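# Fold and contact review
Here is how the chains run, residue by residue.
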Amino acid sequence: MNMPTNTKPWIQGAVVGAIALAIVGFSWGGWVTGGTAAMNSAAASHNAVVAALAPICVERFRAQPDAVVKAEALVKSSSWERGNLVEKSGYATMPGSKTADSDVARACAEILAVPPKR
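Note that this is a predicted model, so its numbers are computed, not measured.

Turning our eyes to something else, we now look at the overall build of the chain. In terms of regular secondary structure, the chain is built from 5 helices and 0 strands. Helices (α) and strands (β) of the chain occur, in sequence order from the N terminus, as α-α-α-α-α. Its C-alpha radius of gyration of 27 Å places the chain more than 25% over the 13 Å reference for a compact globule of 118 residues. Expressed as lengths along the three principal axes of its C-alpha atoms, the size of the chain is roughly 90 × 30 × 25 Å. Relative to its 118 residues, the chain shows a buried fraction of 21%. Put simply, 58% of the contacts in the chain that link residues at least 6 apart link residues at least 24 apart.

Here is the structure:
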């Protein structure tokens, strides 16, 4: 097949341009692959669920009769143990679920560790 003499530089320029465009797009342009997009959306939805369920856990914890005493014990415990304490108390177990979500328990403990504003 006979090609014009100046076709080869055009093809090389298009290939180099496509490679440069891909590099710039994926590194600085915010492009992501389908797998990364799926992981990001799954993480975002999980975080939204935790953000929605943590206040429910807090209200259930504060509704117990000795909430003040247990909240003080929670604040005195180490930050690493707080999530486990809330998880063991059962307030991070949502209705219809058999087990507590550790992320909800941690978020609930973070909210409970800060005294409520009056």
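Alright, that's what it looks like, and here's the rest.
As a further point, take the nonpolar core. Of all hydrophobic cores here, the largest spans 17 residues; its most connected members are C57, V86, A92, V104, C108 and L112. When residues of this core are traced back to their parent elements, those giving at least two are helix 2 (34-62) and helix 5 (102-113). With 6 residues, the single largest contributor to this core is helix 5. For V86, the contacting residues outside a window of four places in its chain are C57, L74, Y91, A92, A105, C108, A109 and L112.

Once that is clear, we can look at the side chain of S77. Take S77: it is sitting in the loop between helix 3 (67-76) and helix 4 (79-89). Excluding residues that lie within four positions of it along the chain, S77 makes contacts with R82 and L85.

Considering all chains together, one arrives at 1 salt bridge under this definition. The closest approach of N and O atoms between R106 and D103, which form a salt bridge, is 2.3 Å. Linking R106 with D103, this pair stays in helix 5, spanning 3 residues, or about one helical turn. A residue is classified by how much of its surface remains accessible, and R106, at 43% relative accessible area, is partly exposed. On the basis of relative accessibility, which here comes to 27%, the residue D103 falls in the partly exposed class.

With that settled, consider the packing of helix 2 against helix 5. The interhelical angle for the contact between helix 2 and helix 5, taken along N-to-C directions, is 55°, at an axis separation of 8 Å. As the angle between them shows, helix 2 and helix 5 are arranged oblique. In this structure, the crossing between helix 2 and helix 5 has a hand that is right-handed. Two secondary-structure elements touch here, helix 2 through H46, V50, L53, A54, C57, V58, F61 and R62 and helix 5 through D103, V104, A107, C108, I111 and L112. Split by residue class, the contact of helix 2 with helix 5 holds 11 nonpolar, 1 polar and 2 charged.

This part covers the confidence of the model for the chain. The pLDDT averaged across the chain works out to 90; a share of 97% of its residues lies at or above 70. Per-element confidence in the chain is highest for helix 2, whose mean pLDDT is 95, and lowest for helix 3, whose mean pLDDT is 88.

Basis of the calculations
Residues numbered from 1 in each chain as written. Predicted model: local features only at pLDDT ≥ 70, side-chain atom pairs only at ≥ 80, totals over all residues. Heavy atoms only, no water. Helix = DSSP H or I, 4+ residues; strand = E, 2+ residues; numbered from the N terminus. Rg over C-alpha atoms; globule rule 2.2 N^0.38 Å. Buried < 20%, exposed > 50% of the residue type's maximum accessible area, 1.4 Å probe, protein only. Contact = heavy atoms within 4.5 Å. Core = buried A, V, L, I, M, F, W, Y, C linked by side-chain atoms within 4.5 Å. Salt bridge = Lys/Arg side-chain N within 4 Å of Asp/Glu carboxyl O. Axes fitted to C-alpha atoms, helices over the stretch in contact; angles between N-to-C directions. Parallel < 35°, antiparallel > 145°, perpendicular 65-115°, else oblique. Left-handed = near helix turned anticlockwise from the far one by under 90°. Nonpolar A, V, L, I, M, F, W, Y, C, P; charged D, E, K, R; others polar. pLDDT = per-residue confidence, 0-100.

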